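Working through the structure, step by step
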Amino acid sequence: METIAVYCEEQVKVYGITHTFNVNYQQLCFPLSNLSYAGNFLASLEETGAVKRFEFITCQQTTDAVQLHLFTRTSEKSLSFTEDDAPSPKDHPFEVLGCGQTDLIFLHGPHFQDRYGILDVAVQALSSFDLLPVVTGCAGTSMYLAFKAGSGSAAEKVLKKTFLTPTSV
Amino acid sequence: LNIPEKIRIGGIKFSEELIQVTVRCEVTKIQLVETLLTDIAQESITLPFYTSSVTNGFLAANFCANKSDSNGLQELLMKSSFSEKDVTITSSVGMCTLFPHRNSLLLLGRIIQLMADYDFPLYSFSTSISALAVNTDVLRLDQLADKLQTLVELPENHAPFRQEFRVTQLDQPEAGA
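First, a word on what this report is: a plain description of the structure on this page. (Residues numbered from 1 in each chain as written. Chains lettered and ligands numbered in written order. Predicted model: local features only at pLDDT ≥ 70, side-chain atom pairs only at ≥ 80, totals over all residues. Heavy atoms only, no water.)

Thoughts on the overall build of chain B
On a plain count of helices and strands, chain B comes out with 4 helices and 9 strands. Helices (α) and strands (β) of chain B occur, in sequence order from the N terminus, as β-β-β-α-β-β-α-β-α-β-β-α-β. Here chain B holds 177 residues, and the buried ones make up 53% of them. When the accessible area of chain B is evaluated, it comes to approximately 9100 Å², of which 49% is carbon and sulfur surface. Between the mean site of the 14 positive side-chain charges and the mean site of the 21 negative ones, chain B shows a separation of 6 Å. (Helix = DSSP H or I, 4+ residues; strand = E, 2+ residues; numbered from the N terminus. Buried < 20%, exposed > 50% of the residue type's maximum accessible area, 1.4 Å probe, protein only. Areas by Shrake-Rupley, 256 points an atom, 1.4 Å probe, with all protein chains shown as cover. Lys, Arg positive; Asp, Glu negative; His and termini not counted. Charge placed at Lys NZ, Arg CZ, Asp CG, Glu CD.)

Structure representation (structure tokens):
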């Protein structure tokens, strides 16, 4: 059985665009052979109270390594893997490829995962203002875009002009 | 006997069979990725999953599309300016979505550990507002769901893991159609 609904929109509607600025960002890498240990280590961060919750996390695999992009609130002071930031979790399995503050912008639905071109709309709009996300993660009905700290406001302004949000109806 | 308490979640959902594409380029050549995304949109190809990151001046983008779009996607990659060595295509990918993730590193870490311990490939994952989407071998999704239930507790009368309908966005209908 097939049901067809026809719906037209001149500007892509989203349920909302929100932000969390000055989010801790850790770009972590570890060998694929350490996957089990890394998983156990991440779990232990919560079990020991080192970190209460993540904001956003994404993962990509290269040939023999795994890259994790972990975003936590700045209140999670103890979560740092660089040697010059004490205290740091002991015996962690990660090589730190990058860390710092980022501005996180979040767009949600409807139905991004079932619709083509939504990401393209966002990327082209941001590109026209030379705004490049350092990390992007789209899954389900959500789109997370992380920018260097200080760029978030400009990016959010562009996205709010590009997409129709409930507040601008 | 120390039996760890299971974490209650709302559900697990499987995707249809997907392919995963990874493309890499220098950040100064970001227009390669931007052009590819536009071409993909113009071919009406839906990307149910996308991640990208910038590391040491290089951008890597990972995305998934339905298996039925794989020919169209490969044609777009062939005509793109990516060199062959900068493109990786993984077939037989399936997405397992768990919700809610509760922003919990404990749950996420245990899932990663379980996948490693049982040799499930972990191609990529990303969180959304409430769900965790993990890409692995499509042929092992049922086995993964079985193993995950040693960690998580699903509600009674949980819906089937595989969606019984498909949502497809069609091209814009012509006026008067």
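Back to the text.
Quick word on the nonpolar core
Membership of the largest hydrophobic core comes to 44 residues, with the highest contact counts inside it found for Leu68 of chain A together with Ile12, Leu105, Phe125 and Leu148 of chain B. At 8 residues, helix α3 (residues 105-117) of chain B tops the list of elements feeding residues into this core. Discounting residues that sit within four places of it in the chain, Leu148 of chain B has contacts with Ile12, Cys96, Leu98, Ile111 and Leu114 of chain B. Membership of the second largest hydrophobic core comes to 43 residues, among which are Phe112 and Ala155 of chain A together with Leu37 and Phe63 of chain B. (Core = buried A, V, L, I, M, F, W, Y, C linked by side-chain atoms within 4.5 Å. Contact = heavy atoms within 4.5 Å.)

Some words on the interface of chain B and chain A
Contacts between the two partners involve 48 residues from chain B, matched on the other side by 51 residues from chain A. When chain B packs against chain A, the two sides together hide about 4400 Å² of surface, and 57% of this comes from carbon and sulfur. Interface area lost by chain B to chain A is led by Asn103, Leu105 and Gln169 of chain B, which between them contribute 16%. Linking chain B with chain A are 1 salt bridge. Across the pair Arg110 of chain B and Glu47 of chain A runs a salt bridge whose closest N-O atoms are separated by 3.0 Å. Elements represented by at least two residues in the side of chain B that touches chain A include exactly α1 (31-42), β4 (49-55), β5 (58-66), α3 and β7 (124-127) of chain B. (Buried area = accessible area lost by both parts, 1.4 Å probe. Salt bridge = Lys/Arg side-chain N within 4 Å of Asp/Glu carboxyl O.)

With respect to the packing of aromatic side chains
A full pass over the atoms with the stated rule returns 9 aromatic pairs over all chains. Considering the side-chain rings of Tyr37 of chain A and Phe41 of chain A, the 6.5 Å spacing of their centres and the 40 degrees angle between planes classify their relative orientation as tilted. Within this pair, Tyr37 of chain A and its partner Phe41 of chain A are both found in helix α1 (residues 35-47), separated by 4 residues, close to a single helical turn. Taking relative accessible area as the criterion, Tyr37 of chain A reaches 39% and is therefore assigned partly exposed. Taken together, a centroid distance of 5.2 Å and an interplanar angle of 50 degrees make the contact between Phe14 of chain B and Phe161 of chain B tilted. One end of the pair, Phe14 of chain B, is in strand β2 (residues 11-14); the other, Phe161 of chain B, is in the segment after β9 (152-153), with 147 residues separating them in the sequence. Each member of the pair Phe14 of chain B and Phe161 of chain B is classed as buried. One aromatic cluster in this structure is built from Tyr25, Phe56, Phe71, Phe106 and Tyr144 of chain A. The cationic tip of Arg140 of chain B hangs over the ring face of Phe120 of chain B; the distance from NZ or CZ to the ring centre is 4.1 Å. (Phe/Tyr/Trp six-rings, centres within 6.5 Å; stacked < 30°, edge-to-face > 60°. Lys NZ or Arg CZ within 6 Å of the ring centre and 35° of its normal.)

Read these as layout, nothing more, since geometry by itself doesn't imply function.
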